[in-house]
Amino acid sequence: MADLALTILQPLIERLSSEIWRQLGLLRGLKGDLNKLKSTLEDINVVLYSAEQRAKTDDRVRRWLWELKDVAYDADDVLDDVQVEVLRRSSSSNRPITAEVHDFFSSKNQIAFRFKIAKKIKEINARLNDIEEKKKIFNFPVSSNSEVSVTMEVTSSRERETFSRISKEDEFFGRDDDRKKVMTFLLEKDNDKQLSVLPIVGLGGVGKTTLAKMVFNDERINEQFEPLIWVCVSENFKLSEVIKKIIHNVKQETYPLSELENMQRELVKIIGGKRFFLVLDDVWDDGDLSRADQDLGWEALKSLISCGGSGSKVIVTTRDHEVARVTGTLQYSHELESLEFDDCWNLFCERAFRKESPPPTPWMEAIGKQIVEKCGGLPLAAKSLGGLMGSKQEESEWIAIRDSEIWEIKEEDGVHILPALRLSYLHLPFHLKQCFVYCSLFPKDYEFVMKELIELWITEGFISSAGAAGRQMHPKDIGSRYFRILLRQSFFQETGVIYSDDFGEEIVEYTMHDLVHDLACFIAGPEFAFQGKLTREPEKWRYLSIDLGGHLPETERRGIINQISKARKLRSFISVSPIPEACYIEILSGLPYLRVLHLQKLEDKEVITALQNTIPRLKHLRLLHLLNSLIETLPEAITNLHSLQVLNLSDCYQLRKLPRDMSKLTNLRILEVDEVKICAKFSRLGRLSKLEKIPMFIIGTEPGRTIAELQQLNMLRGFLIIFGLAKVKDAEEAKKANLIAKTSLRHLMLTWEDVDSDSDISEPDGSEERGKSGNIIDRMNSLVRSCCRARFASDKEEEEEAAPSPTDEDTIKNHVLDSLQPPPYIEELSMESYDGTRFPSWMTRIELLSRYENLIRLYLSDIKRCEFLPPLGKLPRLENLEIGEMPCLKQIGSEFYGDRRGGGVIFPSLKFLEISECPNLTAWKEWLEPDLDRNGSLIAPSLRIVTIYGCPNLTALPEWLEVAPDSDTYHMVRIAGATYYRRRQCRVVAGETEDAATAREDSPDPMFEQPLLHSNES
């Protein structure tokens, strides 16, 4: 497609305009060739928009564009060859890259390489000359700037694995009758039947999956069935895969067995005798579903799941009436018809006219209704076009969509693409089109995580840092905007929250409707190769994804190997399943331009050995993912991959060490490693100034491991954990960390606990379940607390003694923390094992603390010697506050609230408060003295839960905590097992557990000796 040619040519022209290539152009023999290359590309670029319009109906133009893309890719590869070599020399000499370019091409020992590059550029110019001559034949008009240069303001003017969860994208219009009928089937008492199956049949995009989600998530279903199981079957019905998905869905863990007999036995074990509800979504019949031998088809699955309890129910969604006939057990199927016009119009309006937008004009309504009529009652079409029209403000734009010839295009190559989806695609800006088509590499029903997909887009060069109106934006922020535009126009659909990221925040996965995926595959040119579209021209492949699972016949697998070996220009190799044999890896060494290598679950030793031998040869590699693999080491030569930007070794728990000279990877942006021992051996990370993510930084005393290594790492984003702050010598050394300059950090954990590379570091209990043990903060907190638990216990005998007087050493500790001031946009801060005598000035001085207006979560743990708390009541967005293991804290005084003068709201956003293991805490004072005026102030109006334990000497709570601020809210206070609810002026002891009652009888704790909180109603 022409639009994809645009995405290649524009970055190529920008690259030729950069400083490196201007330096290169000064060299004898190359200046003329480089200028000619740039000039020809610019001449072609100005007609590409016109060529795109012509290509819709002219096959000759389409072929011309494919030739142009091919030569543009080759030109980009040549420039990459030069840049890789320059990076190599720059890394070894520590000289600026621009200086290295001139020296490199002037050096006598590089004459051969120089001539090689010059020859390649001449060949590319010759090919471009032919393309330029053909362009004259077509006589394309020059495109205007407004047509070619689509800005971010335009694209963001208003901001198919299926899943059981209902997301905010699942608008539900006009299906009340359908829902009632399906619910009637599910809730009717037919315990005389072992298993009932209802097929839901309808056109693609008509809303079958959405209807199934609605009934699946109905509360009445929860009460009737256990377990509830959702399985997306997709195009190929494979009995073993369906069984594996059912087991995974019920047990919520990956099922390791591959033998069908073992899987059948496990299935019977987990659903046998239980009244379950199963949804089999998007079922097709490719021959296996209704196979005659009935050993591996539907009848085999039906026989297996009939072991469930009486009254178990199954819903099957499908487009195929034959599938409905084979699977159904009733006399009927539920036929899902197209939406009525009014419902389709309402759905369109939900997307096109959002609440924050101006109301629709009369002409918008009139033309909009004409557009909706063309949607054929399909919700997917209405949502997609609604999202598109939401960015169109001119009447002429709406008329152009209504009258487009796309509505008249019939099936092409046997593929039916919804005209509404095709129109939405054609009106995307060119930079979004390439990002969308790239998703064709992933199989139907693939679960996309936004940040991972954006990382791939950046690595492939689809996103630059130039934002709207020339503003510089981080590529990840631009990528996020791209993704959300595609989401709004229904190219992606939200599946719901399914797990938490490293900081316990919700991560949403997305999928493509199968019709949208069909569109991406249809548009993808010959440079995209994936299962089902492995063309006979591997020489044209640039991007490849493969699924080498066990279901492929041997002849087909061997054919794939043969094809890959010919794909010498391949840039991306993505495997969506484990690599079964070493030969698949060995052929990668013959792919000199490979930029992305995305592998997972490598377990075979021969495959891992082949990979270790192959990686160092991939000098163009930018991204290396080896997820969940049994790899133990990486080859030292990987540090010669100077273009490497992303190294992801997540869930590689067998990994023992990283290469020694990791600091040579000066372009590295992302480093993902889970093992603490590996992180403890990082050295000289300060050289990696582009680093955006590291799992943690563990301070050492030897050169290359001091806190000063953080000084230049100001590109760090997201989270940072710093271990071993006790090793920081003084405030001057602490200042070198330059934390305040790391403005993209959102989560920061500071711990003084010592974790050394030579110490015996172990994970928290249950290390065998590390893959499921929660987010990284939870795991690191557990690690720190387990390290200091013994010491805390031994110190408890001395807690009643007076705190030791400050010394010069204490002054140094205090000043060190003063110098570790976090950046102002931090959202979560954790401090562990601090041994100073006071909190830092940036926490105790209100004018400095007020800068942290984005701080949401604050954790203070094992703060050994501080006697007072900072004025945390002045943090406007603080929602979660946890204070624990503060043996010197004797009272919570008025300083905790902030300014003692009346007025304003104290803790305006606080929802959760926990205070624990403060054995000497005796008093919690009121915010104001009785004789001071409150001036109508409120304290913690949003507070919901307070938890207090390990504070045996605390005998009273302040009045504001005992009484809810208004009649519409309540507090729940847990004190050592008892739960206290308060509503209005009523304080009632409620929900006390047996353990709490026993504790009250046995414990001398004053909190149990008499009910602290009692009823006022007497």
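Here the structure is a predicted model, which is why all the values come from computation and not from measurement. (Residues numbered from 1 in each chain as written. Predicted model: local features only at pLDDT ≥ 70, side-chain atom pairs only at ≥ 80, totals over all residues. Heavy atoms only, no water.)

A. Representation of the overall build of the protein. Across its full length, the protein holds 37 helices and 30 strands. Of the roughly 43,800 Å² that the protein leaves accessible, carbon and sulfur atoms contribute 47%. (Helix = DSSP H or I, 4+ residues; strand = E, 2+ residues; numbered from the N terminus. Areas by Shrake-Rupley, 256 points an atom, 1.4 Å probe, with all protein chains shown as cover.)

B. Geometry of the pattern of salt bridges. Per the counting criterion, the structure on display carries 48 salt bridges. One salt bridge connects Asp-754 with Lys-727, and the closest N-O pair in it is separated by 3.2 Å. Of this pair, Asp-754 sits in the loop between β18 (745-751) and α31 (776-795) while Lys-727 sits in the loop between β17 (718-723) and α30 (731-735), placing them 27 residues apart in sequence. Counted as one network, the salt bridges with shared partners bring together Arg-15, Asp-70, Asp-74, Asp-76, Asp-77, Asp-80, Arg-127, Arg-542, Lys-569, Arg-571, Arg-595 and Arg-622. (Salt bridge = Lys/Arg side-chain N within 4 Å of Asp/Glu carboxyl O.)

C. Summary view of helix α26 (residues 554-566). In this model α26 runs 19 Å from its N-terminal to its C-terminal C-alpha over 13 residues, within 8% of the 18 Å that 1.5 Å per residue would give. Among all positions in α26, only Arg-557, Ile-560, Ile-561, Gln-563 and Ile-564 are buried. Burial along α26 is one-sided: seen end-on, the buried residues are contained in an arc of 165°. (Expected span 1.5 Å × (residues − 1). Buried < 20%, exposed > 50% of the residue type's maximum accessible area, 1.4 Å probe, protein only. Arc of directions from axis to C-beta.)

D. How the structure looks around the packing of aromatic side chains. Applying the stated criterion across every chain yields a total of 31 aromatic pairs. Taken together, a centroid distance of 5.9 Å and an interplanar angle of 90° make the contact between Trp-363 and Trp-398 edge-to-face. Taken together, the residues span a long stretch of sequence, with Trp-363 in helix α18 (residues 362-373) and Trp-398 in helix α20 (residues 395-402) at a distance of 35 residues. The exposure class of Trp-363 is partly exposed, given its relative accessible area of 23%. Aromatic side chains Phe-528 and Tyr-543 sit 4.9 Å apart centroid to centroid with 20° between the ring planes, which places their arrangement in the stacked category. One end of the pair, Phe-528, is in strand β9 (residues 528-529); the other, Tyr-543, is in strand β10 (residues 543-546), with 15 residues separating them in the sequence. Residues Phe-528 and Tyr-543 agree in their burial class; the two are buried. Ring pairs connect the aromatic residues Tyr-73, Tyr-438, Phe-442, Tyr-446, Phe-448, Trp-457, Phe-462, Phe-483, Phe-492, Tyr-510, Phe-528 and Tyr-543, which therefore count as one cluster. One residue, Lys-313, lies across the ring of Phe-185, its end atom 4.8 Å from the ring centre. (Phe/Tyr/Trp six-rings, centres within 6.5 Å; stacked < 30°, edge-to-face > 60°. Lys NZ or Arg CZ within 6 Å of the ring centre and 35° of its normal.)

E. Fine view of the sheet that holds β9. Pairing in this open sheet of seven strands is parallel, and the strands run β9-β10-β11-β12-β13-β14-β15 from one edge to the other. Each edge of the open sheet carries a strand with a single partner, namely β9 and β15 (670-673). The pairing of strand β12 (residues 596-600) with strand β13 (residues 623-627) spans five bridges and is parallel. Its bridge partner being in β13, Leu-597 is matched across the sheet by Leu-624. (Pairing = 2+ DSSP bridges.)

F. Structural view of the sheet that holds strand β5 (residues 334-335). Reading across from one edge, β2-β3-β4-β1-β5 is the order of the five strands in this open sheet, with parallel pairing throughout. Single-partner strands in this sheet number two, and they are β2 (228-234) and β5. Here β2 pairs with strand β3 (residues 277-283) via six bridges, running parallel. Within the sheet, the bridge partner assigned to Ile-229 lies in β3 and is Leu-278. In the packing of helix α10 (residues 176-187) onto the sheet, contacts are made with β1 (195-201), β3, β4 (312-318) and β5, and the angle to β4 comes to roughly 145°. (Contact = heavy atoms within 4.5 Å. Axes fitted to C-alpha atoms, helices over the stretch in contact; angles between N-to-C directions.)

G. The environment of Gln-370, seen in detail. Inspection of the secondary structure puts Gln-370 in helix α18. Separated by 32 residues in sequence, Gln-370 and Arg-402 place their C-alpha atoms 7.0 Å apart.

H. Structural detail: helix α17 (residues 341-352). In a regular helix each residue adds 1.5 Å, so twelve residues correspond to 16 Å; α17 covers 16 Å between its end C-alpha atoms and thus fits that length. Residues of α17 that are buried include every one of Asp-343, Cys-344, Trp-345, Leu-347, Phe-348, Cys-349, Arg-351 and Ala-352, and no others. Turning to α17, the residues buried within the fold contact α18, α19 (379-389), α20 and α24 (475-488).

I. Region of interest: a negative patch on the surface. A grouping of Glu-586, Glu-603, Asp-604 and Glu-606 is seen on the molecular surface, where their side chains present a negatively charged patch. By secondary structure assignment, the location of Glu-586 is in helix α27 (residues 582-586). (Patch = residues over 30% accessible without salt bridge, like charges linked within 9 Å, V, L, I, M, F, W, Y side chains within 5 Å. Lys, Arg positive; Asp, Glu negative; His and termini not counted. Charge placed at Lys NZ, Arg CZ, Asp CG, Glu CD.)

J. Representation of the environment of Ala-72 within the structure. Residue position: Ala-72 is located in helix α5 (residues 59-93). For the pair Ala-72 and Leu-128, spaced 56 residues apart in the sequence, the C-alpha separation amounts to 8.8 Å. In contact with Ala-72, not counting residues within four places along its chain, are Ile-8, Leu-9 and Leu-12.

K. The arrangement of empty space enclosed by the protein in detail. Volume-wise, the second largest cavity comes out at about 50 Å³. Lining the second largest cavity, in full, are Pro-822, Leu-829, Trp-842, Met-843, Leu-849, Tyr-852, Leu-855, Leu-858, Leu-872 and Leu-875. In terms of residue class, the lining of the second largest cavity is built from ten nonpolar, no polar and no charged. (1 Å grid on protein atoms, 1.4 Å probe; cavity = no way out; pocket = protein on both sides within 12 Å on 5 of 7 lines; lining within 4 Å. Points joined across faces, edges and corners; volume = space filled by probe spheres on them. Nonpolar A, V, L, I, M, F, W, Y, C, P; charged D, E, K, R; others polar.)

L. Region of interest: the packing of helix α22 (residues 430-438) against α24. Orientation of α22 relative to α24, taken along the N-to-C sense of each, is 75°, at an axis distance of 10 Å. Relative to α24, the element α22 is oriented roughly perpendicular. Of the residues in α24, those touching α22 at His-431, Leu-432, Cys-435 and Phe-436 are Tyr-482, Ile-485 and Leu-486. Tallied by class, residues from the contact of α22 with α24 come to six nonpolar, one polar and no charged. (Parallel < 35°, antiparallel > 145°, perpendicular 65-115°, else oblique.)

M. Representation of the environment of Met-214. By the secondary structure assignment, Met-214 is in helix α11 (residues 208-216). For Met-214, a relative accessible area of 11% puts it in the buried group.

N. Representation of the confidence of the model for the protein in the model. Summary statistics for the protein give a mean pLDDT of 78 and a share of 76% for residues scoring 70 or more. Counting interchain partners and residues more than four positions distant, the pLDDT-below-50 stretch residues 787-803 has 19 contacts. Note that residues 929-934 has pLDDT below 50 and, in this model, nine contacts with residues that lie over four places away or in other chains. (pLDDT = per-residue confidence, 0-100.)

O. Here's a closer look at the pairing of strand β21 (residues 880-884). Counting buried positions over the five residues of β21 gives four, a clear majority of the element. Pairing between strand β20 (residues 857-861) and β21: five bridges, direction parallel. If you follow Tyr-859 over to β21, its bridge partner there is Glu-882. Bridge count for β21 against strand β24 (residues 912-916) is five bridges, and the pairing is parallel. When the sheet's bridge partners are listed, Ile-883 is paired in β24 with Ile-915.

P. Spatial organisation of unusual backbone geometry. Omega for the peptide link from Glu-226 to Pro-227 comes to 5°, which places this bond in the cis form. With respect to the secondary-structure elements, Pro-227 resides in the loop between α12 (219-224) and β2. Of note in this structure, Asp-651 is not a glycine but carries a positive phi near 65°. With respect to the helices and strands, the residue Asp-651 is situated in the loop between β14 (646-649) and β15. Positive phi values are uncommon outside glycine, yet Glu-885 reaches one of about 55°.

Q. Fine view of a positive patch on the surface. The grouping of Lys-657, Arg-660, Lys-677 and Lys-681 at the surface amounts to a positive patch. Among the structural elements, Lys-657 can be located in the loop between β14 and β15.

R. Representation of the side chain of Asp-81 in the model. Of note, Asp-81 is situated in helix α5. With a relative accessible area of 8%, Asp-81 lands in the buried category. Excluding anything up to four places from it in sequence, Asp-81 contacts Phe-113, Ile-117, Lys-120, Tyr-593, Lys-619 and His-620.

S. Highlighting the nonpolar core. In this structure, Phe-436 and Trp-457 are the most contacted members of the largest nonpolar core, which totals 133 residues. Looking at which element gives the most residues to this core, the answer is α5, with twelve residues. When near neighbours in sequence (up to four residues on either side) are disregarded, Trp-457 contacts Cys-435, Tyr-438, Cys-439, Phe-462, Ile-463, Gly-479, Tyr-482, Phe-483 and Leu-486. In this structure, Leu-671, Leu-817, Ala-940 and Cys-951 belong to the second largest nonpolar core, which totals 127 residues. (Core = buried A, V, L, I, M, F, W, Y, C linked by side-chain atoms within 4.5 Å.)

T. Representation of the pairing of β1. Buried residues dominate β1, accounting for seven of its seven residues. Every second residue of β1 is oriented toward a common face, with Leu-195, Val-197, Pro-199 and Val-201 on one face and Ser-196, Leu-198 and Ile-200 on the other, all of them buried. Two elements, β1 and β4, share seven bridges in a ladder whose sense is parallel. When the sheet's bridge partners are listed, Ser-196 is paired in β4 with Lys-313. Summarising the sheet, β1 and β5 pair through two bridges and their orientation is parallel. Bridge pairing in β5 places Val-201 opposite Glu-335.

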